[in-house]
Amino acid sequence: MPIPAPAPARSLLLGVPGQGRRWPGVVRAGVAACLPALAGVALGHSAVAATATVGAFAVVYGEGRAYRVRWRVVSIAAAVMVLLAGVGAAVGALVHDATAAGGSPLWGMALVLAMTVVVAVCAFVVDGLRLGAPGAFLPLLTVEISSALPALGVSVSEVTSWAAAGAASALLVSMSGLLARPRTPERAAVATAVAAVDAALADSPAPNARRDAVRSLHAAWQCLHDAALVGRDHPLTRTLRAAHLRCAAVVDGHDANHASDEDDLRPQVPLPRPSIRYRLARAAHLRGRSWTIVARLLVACPAAGLLALGLGVARPDWAVITAAMILHQGPDRVLGTYRGLHRFFGTVLGLALFAALATLDLSPAALVLVVALLMAETEAFLVRNYGLAMVFITPLALVLGGLGTHVDLVAVTRDRLLETVLGVAVALLVLWTVLPGSYRRILRDADVQVAGTIGRLGDAREPAAVAELCRDLEFDLHSSTTAAITAAHTDPAWTRDRWPEHHHLHELGYRILARHFGPRL
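Analysis parameters
Residues numbered from 1 in each chain as written. Predicted model: local features only at pLDDT ≥ 70, side-chain atom pairs only at ≥ 80, totals over all residues. Heavy atoms only, no water. Helix = DSSP H or I, 4+ residues; strand = E, 2+ residues; numbered from the N terminus. Rg over C-alpha atoms; globule rule 2.2 N^0.38 Å. Buried < 20%, exposed > 50% of the residue type's maximum accessible area, 1.4 Å probe, protein only. Contact = heavy atoms within 4.5 Å. Expected span 1.5 Å × (residues − 1). Salt bridge = Lys/Arg side-chain N within 4 Å of Asp/Glu carboxyl O. Bend = angle between axes of the 7 residues up to and from the residue. Polar contact = N/O pair within 3.5 Å; in protein donor to acceptor, adjacent residues only side chain to side chain. Axes fitted to C-alpha atoms, helices over the stretch in contact; angles between N-to-C directions. Parallel < 35°, antiparallel > 145°, perpendicular 65-115°, else oblique. Left-handed = near helix turned anticlockwise from the far one by under 90°. Nonpolar A, V, L, I, M, F, W, Y, C, P; charged D, E, K, R; others polar. Patch = residues over 30% accessible without salt bridge, like charges linked within 9 Å, V, L, I, M, F, W, Y side chains within 5 Å. Areas by Shrake-Rupley, 256 points an atom, 1.4 Å probe, with all protein chains shown as cover. Phe/Tyr/Trp six-rings, centres within 6.5 Å; stacked < 30°, edge-to-face > 60°. Lys NZ or Arg CZ within 6 Å of the ring centre and 35° of its normal. Core = buried A, V, L, I, M, F, W, Y, C linked by side-chain atoms within 4.5 Å.

**Topic: the overall build of the chain**
Then step 1. Broken down by element type, the chain carries 20 helices and 0 strands.
Then step 2. For the chain, whose C-alpha radius of gyration is 23 Å, the value lies close to the compact-globule estimate of 24 Å for 521 residues.
Then step 3. Taken over the C-alpha atoms alone, the chain extends approximately 70 × 55 × 45 Å along its principal axes.
Then step 4. Per-residue burial over the chain gives 55% buried out of 521 residues.
Then step 5. Partitioning the contacts of the chain with sequence separation of at least 6, the portion at a separation of at least 24 is 81%.

Quick look at the structure:
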């Protein structure tokens, strides 16, 4: 029975998949960072105003979401960014004061441990809620950038205040189209799904075209659920239903034994996400994937930071964030290895870009514009190709961490390269050696959760309870598919033996869903 294999290395390393209209989100990211910072410069606050960018990171989390829920998501992300900016600055001030007074370089471990706790908590929540990219990356980057600012004379209160200004800007910019074009997010999501289906059904589709189409359809349905359009006779719902049927006609009932995330596309409307409480409770299972991610982060981040300090690097934060960003998105060894390559080569090119920027004598206003441009480019590539995103993330972090001050370019380049090598090496070592059999446990646990939800659904009688359990079951089926793909990438022989049982359970789950929540599309 065929099982999924990773996409070709060339596609994973060099591919930049299209995701519909990206430019509005790119513009929003740049504007959200630019507005408060330029206002600060105009009011005489100099380059420190660029610190608002860490609060403006929140704008990224609203992309692809209906305005009906976007304000809430961005507000939560903004509050997290402001809180973590304060945490990063406070820990950075503590470390700076201690080392400036002649304290041990091991004071840097305080920052390492703070970053470890932040990324572990954020990664658990992001993975448990299945929020996807950028995940825990921007919160950890906020801590990393903010921790460098006290050494430049920026107080904790200043960092927090500017982050709050950026956060407010992120909320205003993200909601700026509400009055003029209130259905733009839904239209964009549906258009992206339709284009992805067209690409998947072309005569010569790309290797990952079907997978991208299925994911785009699910994302579009969730956007319409968030907008409360599903179940209404709305043009967007009709358009998406037609695209869904065209794709399902090819996927459903064909290649029925092929294990992939295409298994999760059936000729029924996908259900809305379960409650946050349910998703976090599922993540809390010690045998699940979220705890595997956390365990690896708790090993890799302190190890990378300690090694960096042992080799004489003044600030170990880049080694920590390098290790964390390779591990935080999931336990898949193959994809994690590719992320490591992306991180290294993207950082090298990013350092070259930073070196070019360092030769310029930028005014505060010009510095803000450069930061806004780097922020926009980060948003353009962060989800599509992590290596390309790193080309812009690296100078963004270095420019914000230095606020335009002149630096020893040789020392900065040397330390960043050394920390990148250390972080990548530690992350890959942990990925392949810590909990090496976790993929088996994760798949077994995911299938157990599916079976348990099927059992509860069979016992339920109240319509409200049945509807809630159907949502839970569909979520568990998606989680089971993800676990199966990770296992197949890691250990094809074991997964092939396990697959008939998993596949039978999957088919049973979707037959039950079809019976309970209505007729086909």
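**Some thoughts on helix H17 (residues 409–433)**
Then step 1. Taking 1.5 Å of rise per residue, the 25 residues of H17 would be expected to cover 36 Å, and the 36 Å separating its terminal C-alpha atoms lies within 8% of that figure.
Then step 2. Ala411, Asp415, Arg416, Glu419, Thr420, Leu422, Gly423, Val424, Val426, Ala427, Val430 and Leu431 are the residues of H17 that are buried.
Then step 3. Next to the buried residues of H17 lie helix H6 (137–148), helix H12 (289–310), helix H13 (317–327), helix H14 (333–358) and helix H16 (386–402).
Then step 4. Just downstream of H17 lies Leu435, where phi reads positive at about 50°.

**Quick look at the side chain of Asp226**
Then step 1. Structurally, Asp226 is set in helix H9 (residues 209–226).
Then step 2. You can call Asp226 buried: its relative accessible area is 12%.
Then step 3. Aside from chain neighbours lying at most four places away, what touches Asp226 is Ala66, Arg68, Val69 and Arg273.

**Quick word on the pattern of salt bridges**
Then step 1. Applying the stated criterion to the full structure yields 17 salt bridges.
Then step 2. Here Arg414 makes a salt bridge to Asp415, at a shortest N to O gap of 3.3 Å.
Then step 3. Ionic contacts of the salt-bridge type, sharing partners, join the residues Asp127, Arg130 and Arg289 into one network.

**Let's talk about H16**
Then step 1. The first and last C-alpha atoms of H16 sit 24 Å apart over 17 residues, in line with the 24 Å expected at 1.5 Å per residue.
Then step 2. Where H16 bends most, the angle comes to about 30°, and this point is Phe392, followed within four residues by the proline Pro395.
Then step 3. Counting buried positions over the 17 residues of H16 gives 16, a clear majority of the element.
Then step 4. Where H16 begins, the capping side chain belongs to Asn385, and its oxygen is found 3.0 Å from the backbone nitrogen of Gly387.
Then step 5. One or two positions beyond H16, positive phi appears at Leu403, with a value near 50°.

**Regarding the packing of helix H18 (residues 438–459) against helix H20 (residues 492–516)**
Then step 1. The interhelical angle for the contact between H18 and H20, taken along N-to-C directions, is 25°, at an axis separation of 11 Å. With respect to H20, the element H18 is oriented roughly parallel. Handedness of the crossing formed by H18 with H20: left-handed. Packed against H18, whose contacting residues are Tyr439, Arg440, Leu443, Arg444, Asp447, Val450, Ala451, Ile454 and Leu457, the element H20 presents Trp494, Arg498, His502, Leu505, Leu508, Gly509, Ile512 and His516 at the interface.
Then step 2. Its residues assigned to classes, the contact of H18 with H20 shows 10 nonpolar, 3 polar and 4 charged.

**Focus on unusual backbone geometry**
Then step 1. Here the residue pair Ala133 and Pro134 is connected by a cis peptide bond, since its omega of 0° sits within 30 degrees of zero.
Then step 2. Here Pro134 shows up in the loop between helix H5 (108–129) and H6.

**Description of the packing of H5 against H6**
Then step 1. Running from N to C, H5 and H6 cross one another at 160°; their axes reach a closest spacing of 9 Å. Here H5 is positioned roughly antiparallel relative to H6, judged by the angle of their axes. Between H5 and H6 lies a crossing whose hand is right-handed. Seen from H5, the contacting residues are Leu111, Met115, Val118, Val119 and Cys122; seen from H6, they are Pro139, Leu140, Val143, Glu144 and Ser147.

**Topic: the environment of Val426**
Then step 1. Along the chain, Val426 turns up in helix H17.
Then step 2. Val426 gets classed as buried once you look at its relative accessible area, which sits at 10%.
Then step 3. Spatially, the C-alpha atom of Val426 lies 34 Å from that of Ala164, the residues being 262 residues apart in sequence.
Then step 4. Residues within four places of Val426 in sequence aside, it is in contact with Ala300, Ala303, Ala304 and Leu307.

**Re the side chain of Ser216**
Then step 1. Along the chain, Ser216 falls in helix H9.
Then step 2. Not counting residues within four places of it along the chain, the set of residues in contact with Ser216 comprises Thr192, Ala193 and Ala196.

**A look at a nonpolar patch on the surface**
Then step 1. Taken together, the side chains of Trp23, Val27, Val31 and Leu35 define a hydrophobic patch exposed on the protein surface, amounting to about 390 Å² of accessible area.
Then step 2. Looking at the element boundaries, Leu35 is found in helix H2 (residues 23–42).

**Focus on the environment of His328**
Then step 1. By secondary structure assignment, the location of His328 is in the loop between H13 and H14.
Then step 2. In this structure His328 comes out as buried when scored by relative accessible area, which is 7%.
Then step 3. For His328 and Ala7, which are 321 residues apart along the polypeptide, the C-alpha to C-alpha distance reads 20 Å.
Then step 4. Within the structure, the side chain of His328 is placed 3.3 Å from the backbone oxygen of Met325, a separation counted as a polar contact.

**So, the packing of aromatic side chains**
Then step 1. Under the defined criterion, the tally for this structure stands at 5 aromatic pairs.
Then step 2. With centroids separated by 6.3 Å and ring planes inclined at 80°, the aromatic side chains of Tyr278 and Phe475 adopt a geometry described as edge-to-face. One end of the pair, Tyr278, is in helix H11 (residues 276–283); the other, Phe475, is in helix H19 (residues 463–490), and 197 residues separate them in sequence.
Then step 3. With relative accessibility at 10%, the residue Phe475 sits in the buried group.
Then step 4. The ring of Trp318 carries Arg343 above its face, with NZ or CZ at 5.0 Å from the centroid.

**Things to note about the nonpolar core**
Then step 1. Ranked by internal contacts, the top residues of the largest apolar core, which has 102 residues, are Phe57 and Leu141.
Then step 2. Among the elements that line this core, the one with the most residues is H16, at 11 residues.
Then step 3. Apart from the residues within four sequence positions on either side, Leu141 is in contact with Phe57, Ile321, Ile393 and Ala397.
Then step 4. Grouped together as the second largest cluster of nonpolar side chains are 25 residues, Ala189, Ala209, Ala220 and Val251 included.

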